[in-house]
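In case you want the letters, here they are:
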Amino acid sequence: MAAVAAVGLVALSAPATDLAAQVTASWAPFRNAGTADGPEPARGVDAPQPVTAVPDRIVDTPVLALPVPRRLEVDLPTPMVPYGVPLETTPPPGQCGGYGSLRQVPPGVVPGAGSATVRWQADGREVVQGYRVTAVSQQLVSGEQPAPPQVTVGRRDDCGEVTASIGGLTSGVAYVFWLEELVLDADSQVTVYEQVGWSPAVVIG
């Protein structure tokens, strides 16, 4: 019997050792409970580290200097004439009573029987090549008005009187006589008629 008991003890000794090892391993987390060391605290999640903000780069903006308004000073030229002395000018020499420019030349009219004689003073300008006299009837007719009678006269070299006779007029009818000058354009060398005067209404005898 003693031998059998010993064999059983030996047989049971191996499982008992493994069981003790398992118990010891399972007790490991609690072995420091209640001791001075105490259990190790559970490791928590690492807190985020503070990030230092980087300030924006400062850009130097140039300051524009506004112009300062200044008083405008204008230098005016000094007149060539002393104070209190009138400016003297010399007009061009008169040509037949004028100054060489277009002037009013009222013609004189002497009525006749179905005609009229027109007189005026000559224009001494060299550009004047001749004259034209037109008798414009003041009596209107139905339909298209007839063409007015006209007559042309050449220029004079002096300042004498120019005479033109015009016929084909109706007795008892009033006419206004237009006087035109045939003027030569110095640039284009073209002659054109320019009206320089007219007479009052004259009744033909």
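Residues numbered from 1 in each chain as written. Predicted model: local features only at pLDDT ≥ 70, side-chain atom pairs only at ≥ 80, totals over all residues. Heavy atoms only, no water.

*Asks:* Could you give an account of the side chain of threonine 134, with specific residues and numbers?
*Replies:* You can see threonine 134 is positioned in strand β3 (residues 128–137). One polar contact links threonine 134 to glutamine 150, side chain to side chain, over a distance of 3.2 Å. If we skip the residues at most four places from it in the chain, threonine 134 touches Pro148, Pro149, Gln150, Val176, Phe177, Trp178 and Glu180. (Helix = DSSP H or I, 4+ residues; strand = E, 2+ residues; numbered from the N terminus. Polar contact = N/O pair within 3.5 Å; in protein donor to acceptor, adjacent residues only side chain to side chain. Contact = heavy atoms within 4.5 Å.)

*Asks:* Residues and numbers for the pattern of salt bridges, please.
*Replies:* What the rule picks out here adds up to six salt bridges. Between glutamate 161 and arginine 119 there is a salt bridge; the shortest N-O distance is 3.7 Å. With glutamate 161 in strand β5 (residues 161–167) and arginine 119 in strand β2 (residues 115–121), the pair connects residues that are 42 residues apart, well separated along the chain. Residue arginine 132 is joined to glutamate 180 by a salt bridge in which the shortest nitrogen-to-oxygen separation is 2.9 Å. Placement of arginine 132 in strand β3 and of glutamate 180 in strand β6 (residues 174–184) is noted, with a sequence separation of 48 residues between them. Of the two residues examined, arginine 132 and glutamate 180, each falls in the buried class. (Salt bridge = Lys/Arg side-chain N within 4 Å of Asp/Glu carboxyl O. Buried < 20%, exposed > 50% of the residue type's maximum accessible area, 1.4 Å probe, protein only.)

*Asks:* Account for the layout of surface pockets, naming residues and giving values.
*Replies:* In this structure, the largest pocket occupies an estimated 260 Å³ of space. Around the largest pocket, the lining comprises 15 residues; the ones closest to its centre are Ser137, Gln139, Gln145, Pro146 and Tyr175. Here the lining of the largest pocket takes three residues from β3, the largest share from any one element. (1 Å grid on protein atoms, 1.4 Å probe; cavity = no way out; pocket = protein on both sides within 12 Å on 5 of 7 lines; lining within 4 Å. Points joined across faces, edges and corners; volume = space filled by probe spheres on them.)

*Asks:* Kindly report on unusual backbone geometry, identifying the contributing residues and their values.
*Replies:* Here the phi dihedral of glutamine 189 falls at roughly 60°; this positive angle occurs in a residue that is not glycine. Within the secondary structure, glutamine 189 is located in the loop between β6 and β7 (191–198).

*Asks:* Account for the pairing of β7, naming residues and giving values.
*Replies:* Relative to β7, β6 runs antiparallel, the two being bridged by seven bridges. Pairing of glutamate 181 across the sheet is with glutamate 194, part of β7. Count of turn residues in the β6/β7 antiparallel hairpin: six residues, of which glutamine 189 carries a positive phi of about 60°. (Pairing = 2+ DSSP bridges.)

*Asks:* I'd like a description of the nonpolar core, backed by residues and values.
*Replies:* Core analysis: the largest hydrophobic core is formed by 21 residues, its most contacted members being Trp120, Leu169 and Phe177. Breaking this core down by element, the ones donating at least two residues are β2, β3, β5 and β6. If one sorts the elements of this core by residue count, β3 sits on top with four residues. Setting aside anything within four residues of it in sequence, one finds leucine 169 in contact with Gly114, Ser115, Ala116, Ala135, Pro149, Tyr175, Phe177 and Ile204. (Core = buried A, V, L, I, M, F, W, Y, C linked by side-chain atoms within 4.5 Å.)

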